[in-house]
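Now for the letters of each chain:
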Amino acid sequence: MGISIEVDNTNFATEVLKNSHKKPVLVDFYATWCGPCKMLKPILEKLVQEYDFILAKVDVEQSPELAQTYGIEGVPDVRVVTQGEVKPGFVGALSEPKLRNFLGELNLHSEVETDIKELQNLTKSGQFEQAKSILDRLFHKYPNNVTIIIEAAKFLVSLNKLEEAKKLIETIGEQNREFYPQVQAVKALIHFKQEAENPGDSTLDQTYAKACSLTLSANYEQALELFLELVATNRKYKDDGARKAILAIFNILGDDHPISKEYRQQLLLSLY
């Protein structure tokens, strides 16, 4: 866990430059009248509770000399300081997922992410009691963390508690739009679980159910091959359900995943 402090001309050298030899410092140059600054501030203050860095907040109107020294032309402007060296970070407000990616690029990892990885490994190996204890601890410490809510819904899907998973994922409101792909991914997992366990009698039904089952077991390429086969065979099946299932897998993996990139091209070729 890191710390959040207000910094000005009197303590910048000590709190930022000197302390950056101990751990990374993110310097948030902001202004009280700045809308994007107001959006960014609570996200940074939330993340500093999970990640081991120092958040140093500089009001450019109160410390114009610092802003001039570091060439601040617009706010918010976040700089990264390590080993006493001030480096560019980013300008403007980033969403929470993008900020997490940014921190990951700095080789910073949160307690939440570490515990979630352990939770996923325990769930995959069928150690559900141990996995639940991790979830309970995370919910106690971070009760409103959207990432934890999403992982808890996935955990409920793995236990086949689909109605509970639906109710939980629906608690994530529209104010958390940046998590929309992850929320849709969980809803897709619920759908795949239902279809895998209740296949119809036709060949198309059996193929679709098998593809759903493969998706749930993380055999994504095999699942995508079957869904592509269905797209080529009958676009009307389940109201273009195979194509929608493919897009759902892209949400699960993320748009930048190599499998998503490869099969997005194959989907386009099959459609046109």
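Residues numbered from 1 in each chain as written. Predicted model: local features only at pLDDT ≥ 70, side-chain atom pairs only at ≥ 80, totals over all residues. Heavy atoms only, no water.

1. A closer look at helix H6 (residues 128–141)
Stage number 1. Compared with an ideal rise of 1.5 Å per residue, which puts 14 residues at 20 Å, H6 spans 20 Å between its outermost C-alpha atoms and is within 8% of the ideal.
Stage number 2. Along H6, the residues that are buried comprise Ala131, Ile134, Leu135 and Leu138. Buried residues of H6 fall within an arc of 100 degrees about the axis and therefore sit on the same side. For H6, the exposed residues set more than 90 degrees away from the buried face come down to Glu129 and His140. (Helix = DSSP H or I, 4+ residues; strand = E, 2+ residues; numbered from the N terminus. Expected span 1.5 Å × (residues − 1). Buried < 20%, exposed > 50% of the residue type's maximum accessible area, 1.4 Å probe, protein only. Arc of directions from axis to C-beta.)

2. Description of the pairing of strand E2 (residues 25–30)
Stage number 1. With six of its six residues buried, E2 lies for the most part within the structure.
Stage number 2. Judged by which residues are buried, E2 turns out to be covered on both faces: Val25, Val27 and Phe29 on one side and Leu26, Asp28 and Tyr30 on the other are all buried.
Stage number 3. Regarding topology, helix H2 (residues 35–47) serves as the crossover connection from E2 to the parallel strand E3 (residues 54–59), and that connection is right-handed.
Stage number 4. Two strands pair when backbone bridges link them, and E2 and strand E4 (residues 77–82) are joined in this way by five bridges, in the antiparallel orientation. Considered in E4, the bridge of Asp28 is made with Val78. (Right-handed = clockwise from strand over helix to strand, strands pointing away. Pairing = 2+ DSSP bridges.)

3. Here we look at the pairing of strand E5 (residues 85–91)
Stage number 1. For E4 and E5, the ladder comprises six bridges, and the chain directions are antiparallel. What sits directly across from Val81, in E5, is Val86.
Stage number 2. Counting the residues that bridge the hairpin from E4 to E5 gives two residues, and of these Gln83 lies at a positive phi of roughly 50 degrees.

4. Focus: the sheet that holds E3
Stage number 1. Pairing is mixed in the open sheet, where five strands are placed in the order E1-E3-E2-E4-E5. Of all strands in the sheet, those bounded by a partner on one side alone are strand E1 (3–6) and E5. For this sheet, the mean inter-axis angle between neighbouring strands, taken without regard to orientation, is 25 degrees.
Stage number 2. Strands E2, E4 and E5 of the sheet are contacted by helix H4 (residues 96–105), whose axis makes an angle of about 155 degrees with E5. (Axes fitted to C-alpha atoms, helices over the stretch in contact; angles between N-to-C directions. Contact = heavy atoms within 4.5 Å.)

5. Some words on the pattern of salt bridges
Stage number 1. In this structure the tally under the stated criterion is 19 salt bridges.
Stage number 2. The partner of Lys238 in a salt bridge is Glu195, with the nearest N and O atoms 3.3 Å apart. On the criterion of sequence distance, the pair formed by Lys238 in the loop between helix H11 (220–233) and helix H12 (241–253) and Glu195 in helix H9 (residues 180–197) is long-range, its members being 43 residues apart.
Stage number 3. Residue classification places Lys238 among the partly exposed residues on the basis of a relative accessible area of 36%.
Stage number 4. For Glu195, a relative accessible area of 17% translates into the label buried.
Stage number 5. Beyond isolated ion pairs, a larger network of salt bridges with shared partners links Lys46, Glu50, Glu96 and Arg100. (Salt bridge = Lys/Arg side-chain N within 4 Å of Asp/Glu carboxyl O.)

6. Observations concerning the packing of aromatic side chains
Stage number 1. Throughout the structure, instances matching the rule amount to seven aromatic pairs.
Stage number 2. A centroid spacing of 5.4 Å and a plane angle of 35 degrees characterise the contact between Phe12 and Tyr70, whose relative ring orientation is tilted. Of this pair, Phe12 sits in helix H1 (residues 12–18) while Tyr70 sits in the loop between helix H3 (64–69) and E4, and the two are 58 residues apart along the sequence.
Stage number 3. An aromatic cluster is built from Phe192, Tyr208, Phe227 and Tyr237, whose rings are joined through pairwise contacts. (Phe/Tyr/Trp six-rings, centres within 6.5 Å; stacked < 30°, edge-to-face > 60°.)

7. Some thoughts on the packing of H11 against helix H13 (residues 258–271)
Two measures define how a pair of helices packs: the angle their axes make with one another and the distance between the axes.
Stage number 1. Two numbers describe how H11 lies on H13: the axes approach to 10 Å, and their chain directions differ by 10 degrees. By the angle between their axes, H11 is roughly parallel relative to H13. Packed against H11, whose contacting residues are Tyr220, Glu221, Leu224, Glu225, Leu228 and Val231, the element H13 presents Ile259, Glu262, Tyr263, Gln266, Leu267, Ser270 and Leu271 at the interface.
Stage number 2. Split by residue class, the contact of H11 with H13 holds eight nonpolar, two polar and three charged. (Parallel < 35°, antiparallel > 145°, perpendicular 65-115°, else oblique. Nonpolar A, V, L, I, M, F, W, Y, C, P; charged D, E, K, R; others polar.)

8. Concerning the environment of Lys154
Stage number 1. Looking at the element boundaries, Lys154 is found in helix H7 (residues 146–158).
Stage number 2. A sequence separation of 34 residues divides Lys154 from Gln120, and the C-alpha atoms of the two residues are 9.3 Å apart.
Stage number 3. Not counting the four nearest positions on each side in its chain, Lys154 is found in contact with Val186 and Leu189.

9. Looking at the packing of H9 against helix H10 (residues 203–216)
Stage number 1. Relative to each other, H9 and H10 sit at 130 degrees, their axes nearing to 8 Å. Regarding the angle of H9 to H10, the classification is oblique. As H9 runs across H10, the sense of the crossing is left-handed. Between H9 and H10, the contacting residues are Leu189, His191, Phe192, Lys193, Glu195 and Ala196 on the first element and Tyr208, Ala209, Cys212, Ser213, Thr215 and Leu216 on the second.
Stage number 2. Taken together, the residues of the contact of H9 with H10 break down into seven nonpolar, three polar and two charged. (Left-handed = near helix turned anticlockwise from the far one by under 90°.)

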